Amino acid sequence: MDSDDDRERAVEAAFPELAAIEDDALRAGVRRAWTTAMADTGCSDLTSVPWFPPAQRRLGIDDEFLVDHVRDVTRLAVAMAETLHDCRTVDCDLDTVLVGALVHDVSKLYEFDGMDETPVGDLLGHPHYGVHVVSRAGLPVEYAHVVLSHTGRTTVDPATLEAEIIKRADEVAASAIRLRALDDLRDA
Ligand SMILES: [Fe+2]
């Protein structure tokens, strides 16, 4: 059985981008969201959690993992935010982008047990349950909004530039995975 310290170390190791979050409370909130999800679901190896089992089954891709995907989304989102800021002096908060990207899929731990869908996945889905997960971790409502609006599985559109960036980063990162098995994204 892993201890809280083991889980904290696992989260820090999985997501080096945590160190770039300037606000101590927000960084702690991201860490708490992941460690709580690990404890609740009995996850002892974060790096082995699959990216998205239904799509992986459909496409025959078994070696894509959630941690890698979350890191892809985080780095893509930060690159977009920095580019917008540099080119157009748009006020886009980097901490918000980092925190939102790092928690956007944390609730997938509750949605699947290995490759099998859980009742949370069947009855709610990760974007809906994620509202509960990030709120319980003490993160402000802006992050519940990021989680809820990052996918077309809900009817909530992004209200902020940061949420929009994370949604687009997620779409591109997911498309890059799908193209491993497809020649044309329209076949997805
Ligand atoms: Fe995602």
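Residues numbered from 1 in each chain as written. Predicted model: local features only at pLDDT ≥ 70, side-chain atom pairs only at ≥ 80, totals over all residues.

Draft legend 1. The arrangement of the overall build of the protein chain in detail. Of the regular secondary structure elements, the protein chain holds 10 helices and two strands. Listing each helix as α and each strand as β along the protein chain from the N terminus yields α-α-α-α-α-α-β-β-α-α-α-α. Computed over its C-alpha atoms, the radius of gyration of the protein chain comes to 16 Å, within 12% of the 16 Å expected for a compact globule of 188 residues. Principal-axis analysis of the C-alpha atoms gives the protein chain an extent of 45 × 45 × 30 Å. Residue burial in the protein chain is summarised as follows: out of 188 residues, 38% are buried. Restricting the contact set of the protein chain to residue pairs at least 6 apart, pairs at least 24 apart contribute 59%. (Helix = DSSP H or I, 4+ residues; strand = E, 2+ residues; numbered from the N terminus. Rg over C-alpha atoms; globule rule 2.2 N^0.38 Å. Buried ≥ 20, exposed ≤ 12 C-beta atoms within 10 Å, placed from the backbone. Contact = placed C-beta atoms within 7 Å.)

Draft legend 2. Quick look at helix α2 (residues 24-41). Its 18 residues place the ends of α2 26 Å apart at the C-alpha level, agreeing with the 26 Å of an ideal helix rising 1.5 Å per residue. Regarding α2, the residues found buried are Leu26, Gly29, Val30, Ala33, Trp34, Thr35, Ala37 and Met38. In this fold, the buried residues of α2 make contact with α1 (4-14), α5 (94-103), α6 (108-111) and α8 (126-136). (Expected span 1.5 Å × (residues − 1).)

Draft legend 3. Quick look at α8. Along α8, the positions that sit buried rather than exposed are His126, Pro127, Tyr129, Gly130, Val131, Val133 and Val134. Among the residues trailing α8, Gly138 stands out with phi positive, at a value near 85°.

Draft legend 4. Main features of the nonpolar core. Ranked by size, the top nonpolar core spans 50 residues in total, and within it Ala33, Ala77 and Val103 carry the most contacts. Considering each element in turn, this core owes the most residues, seven residues, to helix α4 (residues 66-88). (Core = buried A, V, L, I, M, F, W, Y, C linked by C-beta atoms within 7 Å.)

Draft legend 5. Region of interest: the environment of Asp6. Along the polypeptide, Asp6 turns up in helix α1. You can call Asp6 partly exposed: it has 13 C-beta atoms within 10 Å. Separated by 29 residues in sequence, Asp6 and Thr35 place their C-alpha atoms 9.2 Å apart.

Keep in mind that these numbers describe shape and distance, not what the molecule does.
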